[in-house]
Amino acid sequence: MAKMYYEKDCDLSWLKGKKIAIIGYGSQGHAHALNLKDSGCDVCVGLREGSKSWPAAEKAGLAVKTVPAAAQWADIVMILINDEVQAEVYNRDIAPYMTEGKALAFAHGFNIRYQQIVPPAGVDVFMAAPKGPGHTVRSTYVAGKGVPCLVAVEQDATGHAYQIALAYIAGIGGARAGVMETTFHDETETDLFGEQTVLCGGVVDLMRCGFEVLVEAGYEPENAYFECIHEMKLIIDLINKGGVAAMNFSISDTAEFGEYVSGPRVIPHEETKARMRAVLSDIQDGTFAGKWIAENKNGRTFFNSKRAQLKKHQMEIVGGELRRNMIWGGDSDLDTASN
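As the structure is a prediction and not an experimental result, all values here were calculated from the model.

## Observations concerning the overall build of the protein chain
- A tally of helices and strands in the protein chain yields 15 helices and nine strands.
- In terms of overall dimensions, the protein chain is globule-like: its C-alpha atoms have a radius of gyration of 22 Å, near the 20 Å expected for 339 residues.
- Within the protein chain, the fraction of its 339 residues that count as buried is 37%.
- Relative to all contacts within the protein chain whose residues are 6 or more apart in sequence, the contacts with residues 24 or more apart total 65%.

Here is the structure:
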């Protein structure tokens, strides 16, 4: 069984006197930087010169430096830029300053697992990975709560990497919810698998198929959107709070009966698992990582075409119109969206 840690196990004083550089100011970057600052830590944000995020970070009260300057200044360097650019930025702007005794941190293990980044022997390498979007990491922290996190140590050069990692997670609010111990290897493979087969790839394709079937059968697109897309959050919120049984308790018996008789017709259990195993195999042997690295080196032609297609899909257009005309769609700030 995985080991769990909580606030009582995390000593924020391990960060006392340490300077923390957050590389990037996107979804996770802004949350980590602001939460650590509010926890009393010495934080700066590292950005490329001319970054549009630079004035936003300064406006939030954060010190901002170029990436090389931040890496040189810091004792802990947390890399929170996109996976596909981390290796280039690390090798050019961070590696020269990763001197003995420092710590290199990640919120996802991709570049360590697939050896795109190879840290020097004398530095700690740890993971502090919130299991939720950065905007939720920030909004729950402000509300006095937190997002559950994963912790992993790939390299314990100082002998204190776990204490530092747990202190960091306490600083971003994760220890309020719970911290599960894992490894870079397991986090990377399970995270990629979950995203591709269920959370993003699976759910989005399921919603899209349901929407298209109803519209093609002559039903109003707005009805199709509500039934196959909007209500997904309501169902997931119930599962999140009490599991599938709690969700079934809250829905009608008619809906629960439909779950049992029609769910397996839409997603044939053994066939789906066989296809999922093939996806997992591609993740485990590096096939997916190789495709993603190559896609970025070759101009993202496939990626950009699929993104453009999705933007034009009727479910996105109808959904946008509905959200603009509904009270529940009036808050476009993800940091203040209800959780």
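## Description of the sheet that holds strand 5 (residues 76-79)
- Taken in spatial order, the nine strands line up as 1-9-8-7-6-5-2-3-4 in an open sheet, and their pairing is mixed. Looking along the sheet, the strands with just one partner apiece sit at the ends: strand 1 (4-5) and strand 4 (63-66).
- Of the strand pairs in this sheet, strand 3 (residues 42-47) and strand 4 are connected by four bridges, and their pairing is parallel. By the bridge assignment for strand 4, L47 is matched with T66.

## Looking at the state of the cysteines
- Overall, the coordinates contain zero disulfides when judged by the stated rule.
- C44 takes part in no disulfide bond, and the closest cysteine sulfur, belonging to C41, lies 13 Å away.

## Quick notes on the packing of aromatic side chains
- Applying the stated criterion across every chain, the model contains four aromatic pairs.
- Here the aromatic rings of F106 and F184 are separated by 6.2 Å at their centres, their planes lie at 85°, and the arrangement is edge-to-face. In this pair, F106 is assigned in strand 6 (residues 103-106) and F184 in helix 8 (residues 184-199), connecting sequence segments 78 residues apart.
- For F106, a relative accessible area of 0% translates into the label buried.
- Take F184: its relative accessible area is 1%, and that puts it in the buried class.
- Each ring, one from W292 and one from F303, has its centre 5.5 Å from the other, and the planes form 45°; the classification is tilted. Taken together, the residues span a long stretch of sequence, with W292 in helix 13 (residues 287-297) and F303 in helix 14 (residues 301-312) at a distance of 11 residues.
- By relative accessible area, W292 is classed as buried at 17%.
- Take F303: its relative accessible area is 26%, and that puts it in the partly exposed class.
- Cation over ring: R176 sits above Y141, and NZ or CZ is 4.4 Å from the ring centre.
- Over the aromatic face of F303 sits the side chain of R300, whose NZ or CZ is 4.6 Å from the ring centroid.

## Concerning helix 6 (residues 134-142)
- Of all nine residues in helix 6, seven are buried; the element is thus mostly enclosed.
- Within helix 6, burial applies to G134, T136, V137, R138, S139, T140 and Y141.
- Buried residues along helix 6 sit in contact with helix 1 (27-38), strand 7 (124-130) and helix 7 (161-171).

## Brief notes about the nonpolar core
- Core analysis: the largest hydrophobic core is formed by 37 residues, its most contacted members being L15, I20, I22, Y25, L36, F126 and Y168.
- Breaking this core down by element, the ones donating at least two residues are strand 2 (19-23), helix 1, strand 3, strand 5, strand 6, strand 7, strand 8 (149-155) and helix 7.
- Per-element tally for this core: the top contributor is helix 7, with seven residues.
- Setting aside its immediate chain neighbours within four residues, L36 contacts L15, I20, I22, C41, V43, Y168, G171 and I172.

## A word on the packing of helix 10 (residues 221-250) against helix 15 (residues 314-324)
- Remark: helix 10 packs on helix 15, axes separated minimally by 10 Å, with the N-to-C direction vectors making an angle of 90°. Here helix 10 is positioned roughly perpendicular relative to helix 15, judged by the angle of their axes. Of helix 15, the residues touching helix 10 (which contributes P221, E222, Y225, F226 and I229) are Q314, M315, V318, G319, L322 and R323.
- Of the residues that constitute the contact of helix 10 with helix 15, the class distribution is seven nonpolar, two polar and two charged.

## Some points on a nonpolar patch on the surface
- On the surface, M4, Y6 and M180 cluster together into a nonpolar patch covering about 250 Å² of accessible area.
- Along the chain, M4 falls in strand 1.

Each value, and the rule that gives it
- Residues numbered from 1 in each chain as written.
- Predicted model: local features only at pLDDT ≥ 70, side-chain atom pairs only at ≥ 80, totals over all residues.
- Heavy atoms only, no water.
- Helix = DSSP H or I, 4+ residues; strand = E, 2+ residues; numbered from the N terminus.
- Rg over C-alpha atoms; globule rule 2.2 N^0.38 Å.
- Buried < 20%, exposed > 50% of the residue type's maximum accessible area, 1.4 Å probe, protein only.
- Contact = heavy atoms within 4.5 Å.
- Pairing = 2+ DSSP bridges.
- Disulfide = S-S within 2.5 Å.
- Phe/Tyr/Trp six-rings, centres within 6.5 Å; stacked < 30°, edge-to-face > 60°.
- Lys NZ or Arg CZ within 6 Å of the ring centre and 35° of its normal.
- Core = buried A, V, L, I, M, F, W, Y, C linked by side-chain atoms within 4.5 Å.
- Axes fitted to C-alpha atoms, helices over the stretch in contact; angles between N-to-C directions.
- Parallel < 35°, antiparallel > 145°, perpendicular 65-115°, else oblique.
- Nonpolar A, V, L, I, M, F, W, Y, C, P; charged D, E, K, R; others polar.
- Patch = residues over 30% accessible without salt bridge, like charges linked within 9 Å, V, L, I, M, F, W, Y side chains within 5 Å.
- Areas by Shrake-Rupley, 256 points an atom, 1.4 Å probe, with all protein chains shown as cover.
- Salt bridge = Lys/Arg side-chain N within 4 Å of Asp/Glu carboxyl O.

Limitation: the analysis is restricted to geometry and does not speak to function.
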